[in-house]
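In case you want the letters, here they are:
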Amino acid sequence: MAKQKIAVIGIGKISQDQHLPVIDASKDFELAATVSTRGLTHNGVPVFKTPGELYAAMPEIKLVSICTPPGIRHTYVREALAAGKDVMMEKPPTTTISELDDLIVHAKQAGRVLYQTWHSQYNACVDRAKAILAADGVKSARIDWRESVRKWHPGQDWVWEPGGFGVCDPGINAFSIFTKVMPFPVFVESAKLTFPSNRQTPVDVEMVFKSAEAHKPVLSGGFNWLEESGEIWTIRFETLKGDVLKLEGGGRTLRINEEVVLQHGDLEYSAMYDHFAGLLKKHESDVDAAPLRLMSDVFLMGARENGPAFEW
Ligand code: NAP
């Protein structure tokens, strides 16, 4: 089958690191245009300053992948749906739950496919952990998500602005795994958010979760954005059977009782584009609001502390 033409909107870090190379290698998609306020193209395809200019000039492009920061996403997705496009969008989907709900309604009304990606969910280790936890239950869980903002968001001031999520931008990746694998609903019991004194979003978050389970599982998590020793993207579970499961490397390694039982490389974005191709074939949307909902609750329940000022 001929490849489907797709445009990428927002040619920043994640587009360049993942979306563009994955589309280049895709059997399903062909990059046909970019939208870039800075005028960045890829492989010489036409580039437009705004999505509106793209839609007017190249109506034959029916698919867009929106890779901007989340603050502009609601406007861009609405505009794309109104122009009759099927849409794939980066995480976090929007800055608020109300905006995400609105996009779900509008995609349905427009009869278009809306695909909300959560890249960390696309790991075989995550699926294996989910199956084990469904069978063996959860006695405790601990999320540790620590990385360097300077490495992963170099110079990106939007992450420190309201709606930029701060350390919850990577932290929501942990939640996308956590909400997928947990065999029962979890709620935020308490949270402590530490904000640099000169910024509007947190650099460190510590959380306690609760559930309605009679056996009272012990559930907690921590995010930190000043970790310079390398990434710690781990979720540790103790099952009711007494085994210890560790998802490491953002979901690319699964250990059971310290022994590696499954490990793979970075296939997340190619799996996401394969999934988008499948959704388009079935003409189905896929939006999972659970990670954003839980993160919103962290902000609603969070106690604020001031920390040292942050400078790049
Ligand atoms: P980024 O490099 O700061 O921004 C992405 C691009 O979006 C910018 O380069 C710009 O592209 C466009 N853009 C920014 N603000 C805009 C605005 N107000 N209006 C229109 N376009 C705007 O950010 P990123 O790291 O790629 O992150 C983008 C999204 O991907 C975020 O939601 C993030 O959570 C997610 N993500 C990031 C990473 C990562 O490692 N950084 C990993 C996974 C997912 P042009 O200059 O081309 O217009």
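Residues numbered from 1 in each chain as written. Predicted model: local features only at pLDDT ≥ 70, side-chain atom pairs only at ≥ 80, totals over all residues. Heavy atoms only, no water.

Where interface size is given, it is often the accessible area lost as the parts come together that is meant. Annotation of the protein chain at the domain level lists domain 1 (4–116) and domain 2 (121–264 + 296–307). Distance from the C-alpha centre of domain 1 to the C-alpha centre of domain 2: 28 Å. The interface is formed by 9 residues belonging to domain 1 together with 12 residues belonging to domain 2. Both faces combined, the contact of domain 1 with domain 2 buries some 810 Å², and carbon together with sulfur accounts for 63% of it. The largest contributions to the domain 1 side of the interface with domain 2 come from Lys13, Lys91 and Pro92, which together make up 51% of the buried area. Linking domain 1 to domain 2 there are 1 salt bridge. With a closest N to O distance of 3.2 Å, Lys91 and Asp169 form a salt bridge. At the surface where domain 1 touches domain 2, the tally comes to 2 residue pairs in polar contact (both at pLDDT 80 or more). Residue composition of the side of domain 1 that touches domain 2, by class: 5 nonpolar, 2 polar and 2 charged. (Domains from an automatic or database assignment. Contact = heavy atoms within 4.5 Å. Buried area = accessible area lost by both parts, 1.4 Å probe. Salt bridge = Lys/Arg side-chain N within 4 Å of Asp/Glu carboxyl O. Polar contact = N/O pair within 3.5 Å; in protein donor to acceptor, adjacent residues only side chain to side chain. Nonpolar A, V, L, I, M, F, W, Y, C, P; charged D, E, K, R; others polar.)

What follows covers the sheet that holds strand E12 (residues 244–248). Overall, mixed pairing links the 9 strands, which are arranged E14-E13-E12-E11-E7-E10-E9-E8-E15 in an open sheet. Across the chains shown, the open sheet's two edge strands, defined by having one partner strand only, are strand E14 (259–263) and strand E15 (302–307). Strand-to-strand twist across the sheet, computed as the mean angle between neighbouring axes with direction ignored, equals 15°. Relative to strand E11 (residues 232–238), strand E7 (residues 140–146) runs antiparallel, the two sharing 7 bridges. Each bridged residue has a counterpart across the sheet, and for Arg142 the counterpart in E11 is Arg236. Against the sheet, helix H7 (residues 168–181) touches E7, strand E9 (204–210), strand E10 (218–224), E11 and E12, its axis set at about 155° to E7. Against the sheet, helix H9 (residues 290–301) engages strand E8 (187–196), E9, E10 and E15, with an angle of about 70° to E8. (Pairing = 2+ DSSP bridges. Helix = DSSP H or I, 4+ residues; strand = E, 2+ residues; numbered from the N terminus. Axes fitted to C-alpha atoms, helices over the stretch in contact; angles between N-to-C directions.)

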